[in-house]
Amino acid sequence: MKIRLFVLIFLISAKLLFGQNTPKEYTEKVKKAEAFYKAKDFKNSANNYSEAFRSNGWKASLNDRYNAACSWAMASVTDSAFSQLEKIASQFSNYNHITGDTDLNSLHADVRWKPLLEKIKLNKEKADAKLNKPLVEKLGSIYNEDQNGRREIGEIEKKYGRDSKEMQEHWRTIIKKDSLNLIEVKAILDKYGWLGPDVVGNQGNTTLFLVIQHADLETQVKYLPMMREAVKNGKAQSGSLALLEDRIALRQGKKQIYGSQIGQDPETHAFYVSPLEDPDHVDKRRAEVGLPPLAEYVTHWNMKWDPEQYKKDLPNLEAKEKRK
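Residues numbered from 1 in each chain as written. Predicted model: local features only at pLDDT ≥ 70, side-chain atom pairs only at ≥ 80, totals over all residues. Heavy atoms only, no water.

Enquirer: Sorry, what's going on with helix α3 (residues 42-55) here?
Expert: Because each turn of an α-helix spans 3.6 residues, side chains separated by three or four positions in sequence point in the same direction. Its 14 residues place the ends of α3 20 Å apart at the C-alpha level, agreeing with the 20 Å of an ideal helix rising 1.5 Å per residue. Every buried residue of α3 is listed here: Phe 42, Ser 45, Ala 46, Asn 48, Tyr 49, Ser 50, Ala 52 and Phe 53. Elements that come into contact with the buried residues of α3 comprise α2 (24-38), α4 (62-74) and α5 (78-88). Looking at the residues trailing α3, positive phi occurs at Gly 57, about 65 degrees. (Helix = DSSP H or I, 4+ residues; strand = E, 2+ residues; numbered from the N terminus. Expected span 1.5 Å × (residues − 1). Buried < 20%, exposed > 50% of the residue type's maximum accessible area, 1.4 Å probe, protein only. Contact = heavy atoms within 4.5 Å.)

Listed below in structure tokens is the structure:
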């Protein structure tokens, strides 16, 4: 399956490159580029990436340059694809991804491909040499335990129904695995603190967040200060912290800040943004932690974001949360 690097956590984001505020024209051009890519109009996608980079003095995030290379490769403009990849070759270390990315198949026969891969492989080897291999392996296993059951939820719900005996049994299995994973992760956090990607890799770092995000409220509150400090020190993602902050707030009977938590009506099964503080300025807060606009985020649940309507609906949404 083809994987684009729009949202993978391990890539350097535009926020890291540009600071808290990504230039507006740059952001708009990148969004157009992504839209053209999804529509399989690869030439226009690539051109919009170029316009985005030009608008910012040819500065760009690693993620966007990689995606620009994919679009140029799909458009059969080989020189431009290599130009983008060469610009990130000294930083990019995800060898497994680039060698399996079918977007770049048209580059494989070019004499520049193997030397490029050698650079990226060397980056990977240097990065891997610094990792705590036993912890990477343990957290990799925990990650799979955390995610595998959750990936099956949609299929089981579709086949048996969300309130079925099969779904209830599946959730019992997930909860049991979560409790075992939490024992392991708490032991790691209590011994080492919040470990960054430089020690446990990107997936291992993500695993620490996922297990705490799926833990009980008392545990979440306990490790929240540790994660806040990790974000300050570059050892955790600010966007992940925002999700944890939102979940804790709702569990404490407060409103969420970033709109990351989505509820579902038990009777109608309709999705909704769980009670949110100051809906008019949520996108500003989301941008500050590297999250996309709420209107874009809620499309994953086939919803539309209308702040004015949301404010009218908010009392009813709060009542739903209290009943839950």
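Enquirer: In this structure, what is going on with unusual backbone geometry? I would like to understand it.
Expert: One can expect most non-glycine residues to show negative phi and most peptide bonds to be in trans. One non-glycine residue, Ser 76, adopts positive backbone phi at about 65 degrees. Although it is not a glycine, Asp 278 adopts a positive phi angle of roughly 45 degrees.

Enquirer: Help me understand α5 in this model?
Expert: Inspection of α5 places Ala 81, Phe 82, Gln 84, Leu 85 and Ile 88 among the buried residues, and these make up the whole buried set. The buried residues of α5 occupy one face: seen down the axis, they fall within an arc of 160 degrees. Those residues of α5 hidden inside the fold are in contact with α3, α4, α6 (95-100) and α7 (113-129). (Arc of directions from axis to C-beta.)

Enquirer: Would you take a moment to explain the packing of aromatic side chains for this structure?
Expert: To describe a pair of aromatic rings, you give the distance between the ring centres and the angle between the ring planes. The tally for this structure, following the rule as stated, stands at 6 aromatic pairs. A centroid spacing of 5.1 Å and a plane angle of 65 degrees characterise the contact between Tyr 297 and Trp 301, whose relative ring orientation is edge-to-face. Judged by its relative accessible area of 17%, Tyr 297 falls in the buried class. The class for Trp 301 is partly exposed, based on a relative accessible area of 27%. (Phe/Tyr/Trp six-rings, centres within 6.5 Å; stacked < 30°, edge-to-face > 60°.)

Enquirer: How do you make sense of the nonpolar core when you look at a structure like this?
Expert: Nonpolar side chains in soluble globular proteins tend to end up buried together. Residues Val 185, Trp 194, Leu 208 and Ile 212 are the most contacted members of the largest nonpolar core, which totals 25 residues. Among the secondary structure elements, those contributing two or more residues to this core are α8 (133-151), α10 (165-192), α11 (197-213), α12 (217-232) and α13 (238-251). For this core, the element with the most residues is α11, which contributes 6 residues. Other than its neighbours up to four places away in sequence, Leu 208 contacts Leu 139, Val 185, Ile 188, Leu 189, Trp 194 and Leu 195. Counting 20 residues, the second-largest nonpolar core is a separate cluster that includes Ile 98, Leu 104, Trp 113 and Leu 116. (Core = buried A, V, L, I, M, F, W, Y, C linked by side-chain atoms within 4.5 Å.)

Enquirer: Can you walk me through the pattern of salt bridges in this structure?
Expert: A side chain of one charge can pair with a side chain of the opposite charge when the charged atoms of the two come close. What the rule picks out here adds up to 16 salt bridges. Residue Asp 79 pairs with Arg 112 through a salt bridge whose shortest N-O separation is 2.9 Å. Separated by 33 residues along the polypeptide, Asp 79 in helix α5 and Arg 112 in the loop between α6 and α7 bring together distant segments of the chain. Two residues, Glu 308 and Lys 311, come together in a salt bridge whose shortest N-O distance is 3.2 Å. In this pair, Glu 308 and Lys 311 are both assigned in helix α16 (residues 307-323), 3 residues apart and thus about one turn of the helix distant. We classify Lys 311 as partly exposed; its relative accessible area is 32%. (Salt bridge = Lys/Arg side-chain N within 4 Å of Asp/Glu carboxyl O.)

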